Amino acid sequence: MTAPTEADVRLAVELVRGAGSLAAKMRTAGIGDSIETKTSVSDVVTAADKAAEKAIVDRLAAEHPGDGILGEEGSARESATGRVWTIDPVDGTYNFVRGLDWWCSALALTDGAPGDVNSIVLGAVYSPAEDAVYVGGPELPTTRNGIRLDAMPDVPLSHACLTTYLHPRKLSHPSGEAYVRVAARAASIRILGSGSMDLTAIAQGKLHLFCQHSVPDWDRLPGAALVLGVGGTTAQVEAGGVLWSLAGTPTAVAEAAEALTSDQSTSGTVA
């Protein structure tokens, strides 16, 4: 794993803070006419998403023209250096549109195989509602506004608060059955609507396990970096015909991975 430079950390913090502040300002000014639907009524994009992504991309183009870019809203550039900046300008856009505070701007810097958690250099998340920047990675202890977070205490799945997202229509599908095998063993469940924000809460010990399928890199890598920076762990598991991404306390992640892939007949067993 590559350790980030001070310049990388500083730039990442400035990028997410700038993007999140811009999006928040645009929401205050009004974004009603700019809301577009992507894949469903709950999957939306706004002018703020696009403007925030452009602000990040423009600065990276000026300061790191050889680095690759992968943005949720379509920005893409091949890497000449092996480094890639993965950008989610507004994570939790439905919450953003509905006036809820659980949203953020997030990015991850990787150096190596695209999408591989082992290639993470750092992740950064800015929550405008808290005015808080989180930054961390495998070789960078996670901080909140520059203050180092405590190491993550290990928690078993039976004592863990699970954060996830699963469309209600999928509950009767094989993926829903796999999800239920995990949920049945957890202490509690929260569906809050922003993966990166959920992972900031896990990094702070407020929640314990992220478990969601078909997660794109921009929703997975920034927060995974924060979890790794406090001693947590991540995994990906095929179950129910989809790829599940896990992050959180080591024991909860291991037990969730086992539950996802266990025989359906054991789904009601609580550890």
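Residues numbered from 1 in each chain as written. Predicted model: local features only at pLDDT ≥ 70, side-chain atom pairs only at ≥ 80, totals over all residues. Heavy atoms only, no water.

## Brief notes about the overall build of the protein chain
The criterion, for reference: By the criteria applied, helices consist of DSSP H or I runs no shorter than four residues and strands consist of E runs no shorter than two, each listed in order from the N terminus. The globule rule used here is 2.2 Å times the number of residues to the 0.38 power, and the radius of gyration it is set against is calculated over C-alpha atoms. Each residue is assigned to one of three classes by its accessible area relative to the maximum for its type, calculated with a 1.4 Å probe on protein chains only: buried under 20%, partly exposed between the two thresholds, exposed over 50%. Contacts are residue-level and defined by heavy atoms, with any inter-residue pair within 4.5 Å sufficient. Per-residue accessibility takes into account occlusion by the displayed protein chains alone, with areas from the Shrake-Rupley method and a 1.4 Å probe. Just so you know, the count uses Lys and Arg for positive and Asp and Glu for negative, and it drops His and the chain ends. The atom standing in for a charge is NZ when the residue is Lys, CZ when it is Arg, CG when it is Asp and CD when it is Glu.
Helices and strands together make up the secondary structure of the protein chain, namely seven helices and 15 strands. The C-alpha atoms of the protein chain give a radius of gyration of 18 Å, which matches the 18 Å a tight globule of 271 residues would have. If you line up the protein chain on its principal axes, its C-alpha atoms span 55 × 40 × 35 Å. Classification of the 271 residues of the protein chain by burial places 50% in the buried group. Of the contacts made within the protein chain by residues no fewer than 6 positions apart, 62% connect residues no fewer than 24 positions apart. Accessible surface, the protein chain: about 11500 Å² in total, of which carbon and sulfur atoms supply 53%. Mean positive and mean negative side-chain charge positions of the protein chain (20 and 32 charges, respectively) differ by 5 Å.

## Topic: the pattern of salt bridges
Keep this limit in mind: Put simply, a salt bridge is a Lys or Arg side-chain nitrogen that is within 4 Å of an Asp or Glu carboxyl oxygen.
According to the stated counting rule, one finds ten salt bridges in the structure shown. D101 is the salt-bridge partner of R27, the closest N and O atoms lying 3.8 Å from each other. One end of the pair, R27, is in helix α1 (residues 6-29); the other, D101, is in the loop between α3 (93-98) and β6 (104-111), with 74 residues separating them in the sequence. Accessibility expressed as a relative area gives 24% for R27, which makes it partly exposed. A single network of salt bridges, built from pairs that share partners, joins D8, D67 and R83.

## Digging into the environment of P216
Inspection of the secondary structure puts P216 in the loop between β13 (209-213) and α6 (217-228). P216 gets classed as partly exposed once you look at its relative accessible area, which sits at 26%. When the C-alpha atoms of P216 and A201 are compared, they prove to be 19 Å apart, with 15 residues separating the residues in sequence.

## Looking at the sheet that holds strand β12 (residues 188-190)
Sheet strands line up and pair through hydrogen bonds in the backbone, either parallel or antiparallel. Applied cut-off: Criterion used throughout: strands pair if DSSP finds at least two bridges between them. All axes are obtained by fitting lines to C-alpha atoms, using only the stretch in contact for helices, and the reported angles, taken between N-to-C directions, cover 0 to 180 degrees.
The five strands are arranged β12-β11-β13-β15-β14 in an open sheet whose pairing can be described as mixed. Unpaired on one side and paired on the other, β12 and β14 (233-239) mark the two borders of the sheet. Taking the axes of each pair of neighbouring strands and ignoring which way they run, one obtains an average angle of 25° across the sheet. Sheet strands in contact with helix α5 (residues 195-203) are β11 (161-163), β13 and β15 (242-248), and its direction is about 155° off that of β13. This element, helix α7 (residues 250-261), spans β13, β14 and β15 of the sheet and lies at about 5° to β14.

## Overview of the sheet that holds strand β10 (residues 147-148)
Read from one edge to the other, the open sheet built from eight strands follows the order β4-β3-β5-β6-β7-β8-β9-β10, with strand pairing classed as mixed. Of all strands in the sheet, those with a lone pairing partner are β4 (76-77) and β10, marking the two edges. Where strand β8 (residues 132-137) and strand β9 (residues 140-144) come together, three bridges link them in antiparallel fashion. What sits directly across from V135, in β9, is T143. Of the strands in this sheet, β5 (83-91), β6, β7 (120-127) and β8 are in contact with α5, which crosses β7 at around 100°. Packing of α6 onto the sheet brings it into contact with β3 (68-71), β5, β6, β7, β8 and β9, and relative to β7 it is tilted by some 100°.

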